[in-house]
Amino acid sequence: MKRRQQGILTGMPFMAHVSSRSFVDDMGRKIYLAKAPTRIVSLAPSVTETLFAIGAGSQVVGVTQFCDFPPEAAQKPKVGYANPNLESLVALQPDLIITPQQFLKLDLLGKLEQLKIPVFILADRSVEDIFSHIQTLGRMLDRSTEAVALGMDLRQEIARLKARTQGQPPVRVLYVLNSQPLITVGPGSFIDQLIGLVGGVNVAAKSATPYPRLSMEVVLQEDPEVLVFPIGKAEGISESEQQAWRQWTTLTAVKQGRLRQIPADLLNRPGPRIGKGLELLADILHPSPPASPATGERP
Amino acid sequence: MRGQWQRTGAILSSRRWGLILSGLLLASLGVVLLCSRFGAALVPWGDVFPALVHALKTGEWDQSSIGTSGVILMQVRLPRVLMGFLVGGSLAAVGVTLQALLRNPLADPYVLGVSSGAALGAAVTMLLGIGTTMALLPVLPLCGFAGGLLALVVIYRLAQSQGRLPIHSLLLAGVILNAILTALIMFITSIMEPNRSAGLMAWLMGSLIAPGYPALGVLAGYAVFVLAIVMQKAQMLNVLTLGEETARSLGIDTERMKKQLFVLTALLTGAVVSVSGMIGFVGMVVPHAVRLVLGSDHRLLLPASVLVGGMFLVAADTIARTLFAPAEIPVGIVTALIGGPFFLYLLLWRKDRML
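Residues numbered from 1 in each chain as written. Chains lettered and ligands numbered in written order. Predicted model: local features only at pLDDT ≥ 70, side-chain atom pairs only at ≥ 80, totals over all residues. Heavy atoms only, no water.

A.B. asks: Could you clarify how one ought to interpret the overall build of chain B in this entry?
C.D. replies: Broken down by element type, chain B carries 15 helices and 2 strands. Summing over all exposed atoms, chain B offers an accessible surface of approximately 15400 Å²; the carbon and sulfur share of this is 72%. (Helix = DSSP H or I, 4+ residues; strand = E, 2+ residues; numbered from the N terminus. Areas by Shrake-Rupley, 256 points an atom, 1.4 Å probe, with all protein chains shown as cover.)

Encoded structure:
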């Protein structure tokens, strides 16, 4: 119904072209865009990075305060992240708002729908979702060529890392999203998948939720060989919290001194830079050359 | 409620006192041991005890000599169970004391805003990313404690405007301060990076992850110190519940006593919140439940509430850390969902008996 009205209003014959210009988001909502949007508000750093990576950076008119990559993105007008302000959103006159599912407020969504501002919701549950989001955004913005190239590069990078780490002995990993209380990644999160791709075994594999609050008892029992701490300004684990982990001297990771850091914005953001994050992770799990001493220190 | 409130004068024989308390003490020991049995990881006691005995004999009490199972039992699970007992007992004691001081059955360590002050202090630490320990100093508990103390000072100044501490202004100030502090905490979580704010929220909802035996010892020191003084004043609390006029006519300096006990309970609350986050419900409900069963003589009510509160929180935390193992759920959710219906049942059962 809505599509039909929009089709008429924009003077488009709602037949052949319509289907290729309608999109279904990860909540199953269908939106129709008569032409590529020119004023986009991105409500997640990963979305902002993707838009810039496919060359649509100039169409971005609003970002969150955590969108700091590429540097140009940080210059864009800011709207909130978890709590974006409705009026400042509307004032930016967006013809598309792209938001992650996690932090979406339903009342805000309702109001935006009422105001006829298209909202597209992305849920990143797997690595495949990241690829499909790049493709979808490419189609939406008439930047399919760039999106396909970006997706190909990313796939190749991941495939290369997967091949490089294949055949190496699996390494037990704990990814520390939050230290106190301990929150980590579990099945159903893309980071858990990334760990598996480069020959890691997530010690939280038996958890039922994507981001479980994990029991310390389980950590001691599963005995991770590597602890990975995301680090960064706004997100990430502080140095003192990392050091506090050294008290658990029965952990193989502590014995061997394999407490490692990864910039949080590379691995925590389901965007085009996961390839870089994954490479760091692969290096951490399987230091090259492979026959380095048991301390696991990289040369 | 009024009925039990006035049974204060009932004679408490020392035999009944001793019997009930030793019963509860035994039960507490049982609960602590039983709950140490359960956890996300399987700890075969048969393997652990020889290692522990050996470690005790040789004095080599390091992690490699007691093995992973030993570490899980002695350094993760047992401290946590003990911490649960301490926190639960302290919250219940504070609840009993405040309910008597304010003669208000709704009084609770959380109503006065001290706990949110402590929580705010901790939240600020997390926002600044200072971390939980610095040069072996537990920064998070210290900042939480400072926040709680600050809230206490503010509320004390506010309420003390006429040199006295009228109860209604105290409660009112507490409620308003609580609202302000909670709003500040919410403000902090809303400007934080979502991953970090999720961590803060998880902490706020209550987490009994024990920071180790030294910290436990400090908390125990607070608890014993405050309890000892409050116990000494149990008889005076009995009198106070009869009414302030009555108490004053019996020669009790009620203002002084109220100030003293108020500061003490606030101190204990600050210490507890700074290590465990916001575990509501225990401080309000446990004293009531105990009062319904054992009557309201504070000489019995106070120690009994401490033991029951301890047992209750240990049991609740055992559920919180095993129900969805290997994941944990915030213990505050369990205390409310298990304790609430139980309390309602107790209320109905008791009403039945009295009619």
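A.B. asks: How do you make sense of the packing of aromatic side chains when you look at a structure like this?
C.D. replies: Given two aromatic rings, one states the distance between the centres and the angle between the planes to describe the pair. All names here are of chain A. With the rule as written, the count across this model stands at 1 aromatic pair over all chains. Measuring from centroid to centroid gives 6.3 Å for Phe229 and Trp245, while their planes differ by 65 degrees, and the two rings are edge-to-face. Placement of the pair is Phe229 in strand β11 (residues 226-231) and Trp245 in the loop between α10 (239-244) and α11 (252-255), with a sequence separation of 16 residues. Each of the two residues, Phe229 as well as Trp245, counts as buried. Over the face of the ring belonging to Phe131 we find Arg155, whose NZ or CZ atom lies 4.0 Å from the ring centre. A cation sits over an aromatic face here: Arg273 above Phe69, 3.5 Å from the ring centre. (Phe/Tyr/Trp six-rings, centres within 6.5 Å; stacked < 30°, edge-to-face > 60°. Buried < 20%, exposed > 50% of the residue type's maximum accessible area, 1.4 Å probe, protein only. Lys NZ or Arg CZ within 6 Å of the ring centre and 35° of its normal.)

A.B. asks: Mind showing me how you'd approach the pattern of salt bridges here?
C.D. replies: Under the counting rule described, the total for this entry stands at 23 salt bridges over all chains. Between Arg21(A) and Asp142(A) there is a salt bridge; the shortest N-O distance is 3.2 Å. Of this pair, Arg21(A) sits in the loop between α2 (16-20) and β1 (22-24) while Asp142(A) sits in the loop between α6 (127-140) and α7 (144-165); the two residues are 121 residues apart in sequence, bridging distant segments of the chain. With a shortest N-O distance of 2.7 Å, Arg77(B) and Glu217(A) are connected by a salt bridge. Separated into two different chains, Arg77(B) in helix α4 (residues 63-101) and Glu217(A) in helix α9 (residues 216-222) make up a pair that spans both. Among the residues examined, Glu217(A) registers a relative accessible area of 3% and is labelled buried. A single network of salt bridges, built from pairs that share partners, joins Glu217(A), Arg77(B), Arg80(B), Asp317(B), Arg321(B) and Glu328(B). (Salt bridge = Lys/Arg side-chain N within 4 Å of Asp/Glu carboxyl O.)

A.B. asks: I'm lost on the sheet that holds strand β5 (residues 78-79) of chain A in this one. Help?
C.D. replies: The pairing of strands in a sheet happens through backbone hydrogen bonds and is either parallel or antiparallel. Residues and elements named next belong to chain A. As summarised here, the arrangement of the 5 strands in space is β5-β4-β3-β6-β7, forming an open sheet in which the pairing is parallel. The sheet is open, and its two edges are formed by β5 and β7 (119-122), each paired on a single side. Note: strand β3 (residues 40-42) against strand β6 (residues 96-100), 3 bridges, orientation parallel. Residue pairing in the sheet places Val41 in a bridge with Ile97 of β6. (Pairing = 2+ DSSP bridges.)

A.B. asks: Just checking my understanding: could you explain the side chain of Ser28(B) for this structure?
C.D. replies: All names here are of chain B. In this structure, Ser28 sits in helix α2 (residues 14-37). For Ser28, a relative accessible area of 4% corresponds to the buried category. A polar contact of 2.8 Å, which involves the side chain of Ser28, links it to the backbone oxygen of Leu24. Not counting residues within four places of it along the chain, the set of residues in contact with Ser28 comprises Phe85, Leu307 and Met311. (Polar contact = N/O pair within 3.5 Å; in protein donor to acceptor, adjacent residues only side chain to side chain. Contact = heavy atoms within 4.5 Å.)

A.B. asks: Sorry if this is basic, but what is going on with a nonpolar patch on the surface here?
C.D. replies: Residue and element names in this part refer to chain B. Together, Val124, Leu127, Leu128, Leu172, Val175, Ile176, Ile180, Leu184, Phe187 and Ile191 line one region of the surface with nonpolar side chains, adding up to about 880 Å² of accessible area. Sorting the residues of the nonpolar patch by element identifies α5 (114-128) and α7 (167-191) as the ones contributing at least two each. With 7 residues, α7 is the single largest residue contributor to the nonpolar patch. Among the secondary structure elements, Leu127 is positioned in helix α5. (Patch = residues over 30% accessible without salt bridge, like charges linked within 9 Å, V, L, I, M, F, W, Y side chains within 5 Å.)

A.B. asks: Teacher, can you tell me more about empty space enclosed by the protein here?
C.D. replies: A water-sized probe rolled over the atoms picks out the places where empty space is left. All names here are of chain A. For the coordinates displayed, the defined rule picks out 3 cavities of 30 Å³ or more. Considered as a void within the structure, the largest cavity measures approximately 90 Å³ in volume. Ser46, Val47, Thr50, Pro100, Leu122, Asp124, Ile130, His133, Ile134, Leu137 and Pro270 together form the lining of the largest cavity. Among the secondary structure elements, those contributing two or more residues to the lining of the largest cavity are α3 (45-53) and α6. Element by element, the count of residues in the lining of the largest cavity is highest for α6, at 4 residues. When its residues are assigned to classes, the lining of the largest cavity shows 7 nonpolar, 3 polar and 1 charged. (1 Å grid on protein atoms, 1.4 Å probe; cavity = no way out; pocket = protein on both sides within 12 Å on 5 of 7 lines; lining within 4 Å. Points joined across faces, edges and corners; volume = space filled by probe spheres on them. Nonpolar A, V, L, I, M, F, W, Y, C, P; charged D, E, K, R; others polar.)

A.B. asks: It is not clear to me how the confidence of the model for chain A should be interpreted in this structure. Could you clarify?
C.D. replies: Close inspection of predicted coordinates is inappropriate for parts of the model with low pLDDT. Residue and element names in this part refer to chain A. On average, residues of chain A score 85 in pLDDT, and 89% of them are at 70 or above. For the stretch residues 11-18, pLDDT sits under 50, and the model shows 9 contacts to residues farther than four places along the chain or on other chains. The low-confidence segment residues 290-299, where pLDDT is below 50, has 15 contacts with residues more than four positions distant or belonging to other chains. (pLDDT = per-residue confidence, 0-100.)

A.B. asks: Got a minute to help me understand the interface of chain B and chain A in this structure?
C.D. replies: Accessible area lost upon the coming together of the parts is a frequently used measure of interface size. In this assembly, 38 residues from chain B lie in contact with 34 residues from chain A. Between chain B and chain A lies a buried interface of about 2900 Å² when both sides are counted; carbon and sulfur atoms form 56% of it. Of all residues in chain B, Gln63(B), Pro194(B) and Pro326(B) bury the most surface against chain A, accounting for 20% of the area lost on that side. At the boundary of chain B and chain A, one finds 2 salt bridges. Here Glu217(A) and Arg321(B) are joined by a salt bridge, their closest N and O atoms 3.7 Å apart. Counting across the chain B and chain A interface gives 6 residue pairs in polar contact (both at pLDDT 80 or more). With 9 residues, the single largest contributor to the side of chain B that touches chain A is α4(B). (Buried area = accessible area lost by both parts, 1.4 Å probe.)

A.B. asks: Would you explain helix α12 (residues 254-276) of chain B in this entry?
C.D. replies: Residues and elements named next belong to chain B. Counted at 1.5 Å a residue, the expected span for α12 with its 23 residues is 33 Å, and the 32 Å between its end C-alpha atoms agrees. The element α12 is largely enclosed, with a buried count of 18 among its 23 residues. Of the residues one or two after α12, Gly277 is the one with positive phi, at around 75 degrees. (Expected span 1.5 Å × (residues − 1).)

A.B. asks: Even after reading the chapter, I still don't get the packing of helix α9 (residues 213-232) of chain B against helix α14 (residues 298-322) of chain B, so can you show me in this structure?
C.D. replies: Axes are the key here: two packed helices are described by the angle between their axes and the distance separating the axes. All names here are of chain B. Their axes nearest at 9 Å, the elements α9 and α14 cross at an angle of 160 degrees. Judged by the inter-axis angle, α9 sits roughly antiparallel to α14. Contacts from Leu227, Val230 and Met231 of α9 reach α14 at Arg299, Leu302, Pro303 and Val306. (Axes fitted to C-alpha atoms, helices over the stretch in contact; angles between N-to-C directions. Parallel < 35°, antiparallel > 145°, perpendicular 65-115°, else oblique.)

A.B. asks: Sorry if this is basic, but what is going on with the pairing of β6(A) here?
C.D. replies: The side chains of a regular strand alternate, first on one face of the sheet and then on the other. All names here are of chain A. Here β6 lies mainly inside the structure; 5 of its 5 residues are buried. Every second residue of β6 is oriented toward a common face, with Leu96, Ile98 and Pro100 on one face and Ile97 and Thr99 on the other, all of them buried. The β-α-β motif built from β6, the intervening helix α5 (residues 106-114) and the parallel element β7 has right-handed crossover chirality. (Right-handed = clockwise from strand over helix to strand, strands pointing away.)

A.B. asks: Sorry, what's going on with the confidence of the model for chain B here?
C.D. replies: All names here are of chain B. Here chain B shows a mean pLDDT of 80. Residues at 70 or above account for 87%. The element-level mean pLDDT for chain B is lowest in helix α1 (residues 2-5), coming to 44, with α14 highest at 93. Every residue in residues 1-9 is under pLDDT 50, and counting partners more than four places away or in other chains gives 17 contacts. Low pLDDT, under 50, characterises residues 133-137; the predicted model gives this stretch 7 contacts beyond four residues in sequence or across chains. Listed scores for the predicted complex are pTM 0.78 and ipTM 0.73.

A.B. asks: Can you walk me through the environment of Ala264(A) in this structure?
C.D. replies: Residue and element names in this part refer to chain A. Within the secondary structure, Ala264 is located in helix α12 (residues 264-267). Along the primary structure Ala264 and Pro230 are separated by 34 residues, whereas in three dimensions their C-alpha atoms are 4.4 Å apart. In this structure Ala264 touches Pro230, Ile231, Glu235 and Arg269, once residues within four positions along its chain are discounted.

A.B. asks: Help me out: how do you make sense of the nonpolar core in this one?
C.D. replies: Inside soluble globular proteins, nonpolar side chains tend to come together where they are buried. Grouped together as the largest cluster of nonpolar side chains are 80 residues, with contacts concentrated most on Val87(B), Leu112(B), Leu219(B) and Ile279(B). Take this core: its biggest share by element is 12 residues, from α4(B). Not counting chain neighbours up to four residues away, the residues in contact with Ile279(B) comprise Val87(B), Leu91(B), Tyr110(B), Gly206(B), Leu208(B), Leu313(B), Val331(B) and Thr335(B). Core analysis: the next-biggest nonpolar cluster, separate from the first, contains 52 residues, Leu33(A), Leu96(A), Ile158(A) and Val171(A) among them. (Core = buried A, V, L, I, M, F, W, Y, C linked by side-chain atoms within 4.5 Å.)

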